[in-house]
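What the coordinates show
Given next are the chains, with one letter for each unit.
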Amino acid sequence: MNARLPIGSDAAAATAEERLAAFAATLELPDVPAPVLRRAEELMIDWFGSALAGKGARPVETLTAFAEAMGPADGASEILIRRRRTSPYMAAFANAAASHFAEQDDVHNGSVFHPASVVFPPALAVAQAEGASGADLLAAVVAGYEVGIRVGEFLGRSHYRTFHTTGTAGTLAAATAVGRLLRLTPERMLNALGSAGTQSAGLWEFLRDGADSKQLHTAHAAGAGLAAAYLAREGFTGARRILEGRQGMAAGMSTDADPSRLVDGLGTRWALAETSFKYHASCRHTHPAADALQQVMRANALSAGDVKRVVARVHQGAIDVLGPVVDPTTVHQSKFSMGTVLGLIAVDGRAGLAEFDAHYRDPAVTAFRDRVAMELDDEVDRAYPARWIGKVTVETVDGRRLDGRVDEPKGDPGNTLSPAELEEKAVRLARYRDGASEAEARRAIAVIRALASTPRVPRFLA
């Protein structure tokens, strides 16, 4: 593809921000390889289910009620869990909040970033409002993933220690997707990235209190990114060096930023295709150990009562995020408790939505939780975040020591969900709190699979 750089730039001297802006502004669907396009469609199917699974959750309902109160009573963009329309901003805000509650939305390992919850909500809302084609929506989504993932990789592990990357890099991902739908020039896309970056936010402190901030992070990122793109369309300017500048994002939010990650293989390496689906309904940091424990228990026909102690051998990021959650008091907080997740695996055989809702405080689960410890493992930590290795050591009551290891958790590109598994997951999520019937979910899946040839993006739910 021939990316046109912003005014005043040349290829040799272009900054990373300028190259990202040019790439995103000029990306067309024929530039995207067919396997990447198929993956984008599958990621949208996965996201659709996650968005509907947020229905009825108190933080989601609160944020959606706020959006309804602040927005118009009608519009072109749909709030999925409400089956009503409003402005693109408010629809993006509400759908992004809903997308990030069930802990089933996708994740890109290397950037530790959940792209779907901040890319699809603003992209769908704007595509519906602007009368965009399905091809333009898909191109916008790919652009949003490619830029957002690279920003997350650039900001590095030190950033993730304090900042929720989905809220920070996600703001730029949202601006990119919307900017592509609005057909911003490279120069104006650069301004959109600048305005998005200055609004990037999201801190992990909420985990200590089990607070509601996680859904606010995605809602804010989607809305702020959308606003940045619309403002740029009207000539509103943003910082040109928002990522690498002296007082840009890296300066304020990272100590190990890697500028080479920003344009790594831009247009040839498709980071979207590296994105993983989530199998368990919990924080992704728990998944490798959950898979490894499942492996040990099945191979040795163990029950929860056979287990004296479990050590999950993890990377430092898992300790940083999961460590503060010692005694979860809500379902959502329990999804960030390694002991609770492993307890559900041991007691119920899986850690799905129904298991969390029904059993996260069951005595058998909490007793198992208290027998779980996390320990930093050098091999696991060195591999992270490019690879999320799962290692557990299980001590049994009869004195055995059993080790489990998983090199690619279920849902990773090398151990991915089949199309049938993916569709069943989406239908199950849609039906979880009556967000949609099975028939409605399957119709929406068919619409998504046909988007590349759809002249105008439709509503998904009547």
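A short tour of the structure in this document, coming up. (Residues numbered from 1 in each chain as written. Predicted model: local features only at pLDDT ≥ 70, side-chain atom pairs only at ≥ 80, totals over all residues. Heavy atoms only, no water.)

1. Details of the nonpolar core
As a rule of thumb, soluble globular proteins bury nonpolar side chains together. If you look at the biggest cluster of nonpolar residues, it comprises 108 residues, and the most contacted ones within it are W47, F48, Y145, L243 and F460. Per element, the largest residue contribution to this core is 13 residues, and it comes from helix α6 (residues 134–162). With residues up to four places along the chain from it excluded, the contact list for F460 reads M44, F48, E78, L80, L124, Q128, A444, V447 and I448. Within the second largest apolar cluster, 46 residues are counted, among which are W204, A304, Y384 and V406. (Core = buried A, V, L, I, M, F, W, Y, C linked by side-chain atoms within 4.5 Å. Buried < 20%, exposed > 50% of the residue type's maximum accessible area, 1.4 Å probe, protein only. Helix = DSSP H or I, 4+ residues; strand = E, 2+ residues; numbered from the N terminus. Contact = heavy atoms within 4.5 Å.)

2. Details of the pattern of salt bridges
Overall, the coordinates contain 49 salt bridges when judged by the stated rule. For R183, the salt bridge identified is with D136, shortest N-O distance 3.1 Å. One end of the pair, R183, is in the loop between α7 (165–181) and α8 (186–197); the other, D136, is in helix α6, with 47 residues separating them in the sequence. Residue E379 is joined to K391 by a salt bridge in which the shortest nitrogen-to-oxygen separation is 3.0 Å. A residue pair is termed long-range when its members are at least 10 positions apart, and E379 in helix α18 (residues 378–383) and K391 in strand β5 (residues 390–396) qualify at twelve residues. By relative accessible area, which is 27% here, E379 ends up partly exposed. (Salt bridge = Lys/Arg side-chain N within 4 Å of Asp/Glu carboxyl O.)

3. Details of the packing of aromatic side chains
On inspection of all chains with the given rule, the structure shows eight aromatic pairs. Plain terms: the ring middles of F23 and W270 are 6.3 Å apart, the flat faces sit at 50° to each other, and that makes the pair tilted. Here F23 is found in helix α1 (residues 16–26), whereas its partner W270 is found in the loop between α11 (249–253) and α12 (287–299), with 247 residues between them in sequence. Taking relative accessible area as the criterion, W270 reaches 10% and is therefore assigned buried. Cluster of aromatic residues (ring-pair linked, three or more members): W47, F120 and Y145. Above the plane of the ring of F356 lies K335, whose end atom (NZ or CZ) is 5.4 Å from the centre. Here the guanidinium or amino end of K410 rests over the ring plane of Y279, the centre of that ring lying 6.0 Å away. (Phe/Tyr/Trp six-rings, centres within 6.5 Å; stacked < 30°, edge-to-face > 60°. Lys NZ or Arg CZ within 6 Å of the ring centre and 35° of its normal.)

It is worth stressing that arrangement in space is one thing and function is another; only the former is reported here.
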